Amino acid sequence: MIYVCGILDLAELAATLGPGALVSIVAPEEQPPTPPEVAAAAHLRLSCHDIVEPAPMEILPDRRIVKRLIAFARDWRPEAPMLVHCQAGISRSAAAALVSYAAHFPDTVERAAAHLRHSGPHVSPNPLIVALGDELLGLDLSLIHI
């Protein structure tokens, strides 16, 4: 199972879930310490801002970031949950969870997307991260159009 949260809920959820993998997808200055329940090697830190076009002084999500996410997701062992967080738990983390799920379970992407949509009306995956994931996974726009 892949769980999504904001940075304020990270410590509590890490303590509750004992995740086998953690993805922090936030700006460099927002990167949190690794919770004690997570092995340092199981914590992927991706630094970017929640934007879809270049902006001054901000880091645009790019292919390199999404490639790292895909490789990490493919190495994840689903016996222990993955926890993905961004600042608010709405955009970057939702997109990263969707791409991670598609990377690890490519045959069940539609079910993952449906679950994500029903998890809350506030969830709005960052479209650039989703588009890059779709392209890098060779999903022929299926991830974008879910």
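Keep in mind that what you see is a predicted model, and the values were worked out from it rather than measured.

Some points on the environment of I70
Mapped onto the secondary structure, I70 falls in helix α2 (residues 63-75). Separated by 26 residues in the primary sequence, I70 and A96 have C-alpha atoms spaced 8.9 Å apart. If sequence neighbours within four positions are ignored, I70 has contacts with V99, A103, G133, L136 and L137.

Here we look at the sheet that holds strand β2 (residues 21-26)
Pairing is parallel in the open sheet, where four strands are placed in the order β1-β4-β2-β3. In this open sheet, the two strands that pair with only one neighbour each are β1 (2-6) and β3 (43-47). Between one strand axis and the next, the sheet turns through 15 degrees on average, direction left out of account. In terms of strand pairing, β1 meets strand β4 (residues 82-86) through five bridges, oriented parallel. In the strand pairing of β4, I2 is matched with M82. Each of β1, β2 and β4 is contacted by helix α1 (residues 10-17), which is oriented at about 180 degrees to β4, the strand it contacts most.

Regarding the nonpolar core
With 33 residues, the main nonpolar core has V23, I25 and M82 as its most contacted residues. Those elements that provide at least two residues to this core are β2, β3, α2, β4, α3 (92-104) and α5 (127-137). In terms of residues, this core owes the most to one element, α3, which gives eight residues. Excluding residues within four positions of it along the chain, I25 makes contact with L46, C48, H85, C86, R92, S93, A96 and I129.

Cut-offs used in this document
- Along each chain, numbering runs from 1 in the same order as the chain's sequence is written.
- Under the rules for a predicted model, residues below a pLDDT of 70 receive no local features and side-chain atom pairs below 80 are neither given nor counted, while totals for whole chains, interfaces and linings still include all residues.
- Calculation of side-chain values draws on the structure's entire complement of heavy atoms; hydrogens and water are dropped beforehand.
- The secondary structure listing takes helices from DSSP runs of H or I that are at least 4 residues long and strands from runs of E that are at least 2 residues long, numbered from the N terminus.
- Throughout, a residue-residue contact means that at least one pair of heavy atoms, one from each residue, lies within 4.5 Å.
- Think of it this way: DSSP has to see at least two bridges between two strands before they count as a pair.
- Note on method: axes are straight lines fitted to C-alpha atoms, helices fitted across the in-contact stretch only, with angles between N-to-C directions ranging 0 to 180 degrees.
- Within this scheme, the nonpolar core is defined by two criteria: the residues are buried Ala, Val, Leu, Ile, Met, Phe, Trp, Tyr or Cys, and they are joined through side-chain atoms within 4.5 Å.
- Remark: exposure states derive from per-residue accessible area (1.4 Å probe, protein chains only) relative to the maximum for the residue type, with buried under 20%, exposed over 50%, and partly exposed in between.

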